[in-house]
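# Reading the structure
Spelled out, the chains give:
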Amino acid sequence: VFSDIDFNQIELRILAYLSQDREMLYIYETGGDIHQATADFLQIPRKISKNVNFAMMYYGDAYTLYSKYKIPVDQGRRLVNFVVGGQPAYRRYWSAVDRELETFGYVTNALGLIRRFPNYHSLGPEDKLRAKRQAYNFKVQSLAVMICYLAMLELEKQMRKKKLKSLMILQVHDSVVIDCHPDEVEEVTELSQSIMSSVKLPIDIPLAVDTKIGDHF
């Protein structure tokens with residue numbers, strides 16, 4: 001039996017922490033749906049708002065929305081302008097990363113990992129924009145990877161301590177897959193949910209997980 005435990009919207013949860021946006025934090029702390037909140041704000045279907053949220057996190061534009069999600073350029077441009085104008089979280093996040101990059105030529109994630117951008121100050125406008133987008137990505141993605149890694153280490157430690165027969169066999173993006181012994185499905189699932197939703201960090205990110213259980217992965 002396979003148990004698939006997935007971090008729920010971990011990238012946007014990290015953005016909520018990094019930007020300290022009260023509305024985003026409130027939505028996550030109260031178990032709300034950030035994609036539905038964006039859909040209501042933009043008056044668009046939730047499936048489109050989900051694409052907009054993830055694209056905007058990394059300074060996406062109308063052409064990003066079209067190339068990745070086939071959202072017409074005119075509509076994408078209106079959505080981007082509306083989000084940038086009405087959602088301060090993105091602007092605060094981008095501005096903070098820009099200042100760090102301009103000052104040091106590198107950026108550091110919330111747990112101290114550094115991404116350097118050699119010769120950043122001598123780059124042309126297009127290359128600078130590309131570097132900034134990579135910095136936006138690094139701040140979020142590297143932290144998501146480290147959180148998942150710390151969760152896996154603790155989960156493996158506790159499974160060994162309890163002498164469980166189940167095996168953690170795979171990591172896929174923000175999820176962990178466990179091959180559960182038939183007699184341990186409930187115990188392992190509850191253990192993994194508890195550990196992954198409360199990873200010990202020196203920062204306060206509102207984590208949550210989703211779980212799927214089945215005979216096939």
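The paragraphs below set out a description of the structure included in this document. Quick caveat, the model's predicted, so the values are computed rather than measured. (Residues numbered from 1 in each chain as written. Predicted model: local features only at pLDDT ≥ 70, side-chain atom pairs only at ≥ 80, totals over all residues. Heavy atoms only, no water.)

### Let's talk about the packing of aromatic side chains
For the coordinates displayed, the defined rule picks out three aromatic pairs. Measuring from centroid to centroid gives 6.1 Å for Y93 and Y136, while their planes differ by 50 degrees, and the two rings are tilted. In this pair, Y93 sits in helix α7 (residues 88-104) while Y136 sits in helix α8 (residues 125-161), placing the two residues 43 residues apart along the sequence. Of the two residues, Y93 and Y136, both sit in the buried class. (Phe/Tyr/Trp six-rings, centres within 6.5 Å; stacked < 30°, edge-to-face > 60°. Helix = DSSP H or I, 4+ residues; strand = E, 2+ residues; numbered from the N terminus. Buried < 20%, exposed > 50% of the residue type's maximum accessible area, 1.4 Å probe, protein only.)

### Side note on helix α1 (residues 10-19)
Burial analysis of α1 places eight of its ten residues in the buried class, which makes it a mostly covered element. When α1 is considered as a whole, its buried residues turn out to be I10, E11, L12, R13, I14, L15, A16 and S19. Elements that come into contact with the buried residues of α1 comprise β1 (2-7), α2 (22-29), α3 (34-42), α4 (46-57), α7 and α8. Just beyond α1, the residue with positive phi is Q20, at close to 55 degrees. (Contact = heavy atoms within 4.5 Å.)

### Details of the pattern of salt bridges
As enumerated under the stated definition, the model contains seven salt bridges in all. Here E102 ties to K128 by a salt bridge, and the two come within 3.9 Å at their closest N and O atoms. One end of the pair, E102, is in helix α7; the other, K128, is in helix α8, and 26 residues separate them in sequence. R130 serves as the salt-bridge partner of D127, at 2.5 Å between the closest nitrogen and oxygen. (Salt bridge = Lys/Arg side-chain N within 4 Å of Asp/Glu carboxyl O.)

### So, the environment of N53
By the secondary structure assignment, N53 is in helix α4. Judged by its relative accessible area of 3%, N53 falls in the buried class. Considering only alpha carbons, one finds N53 and T38, 15 residues apart in sequence, at a separation of 7.7 Å. In this structure N53 touches L12, I34, H35, T38 and Y90, once residues within four positions along its chain are discounted. Separated by 3.1 Å, the side chains of N53 and T38 make a polar contact. (Polar contact = N/O pair within 3.5 Å; in protein donor to acceptor, adjacent residues only side chain to side chain.)

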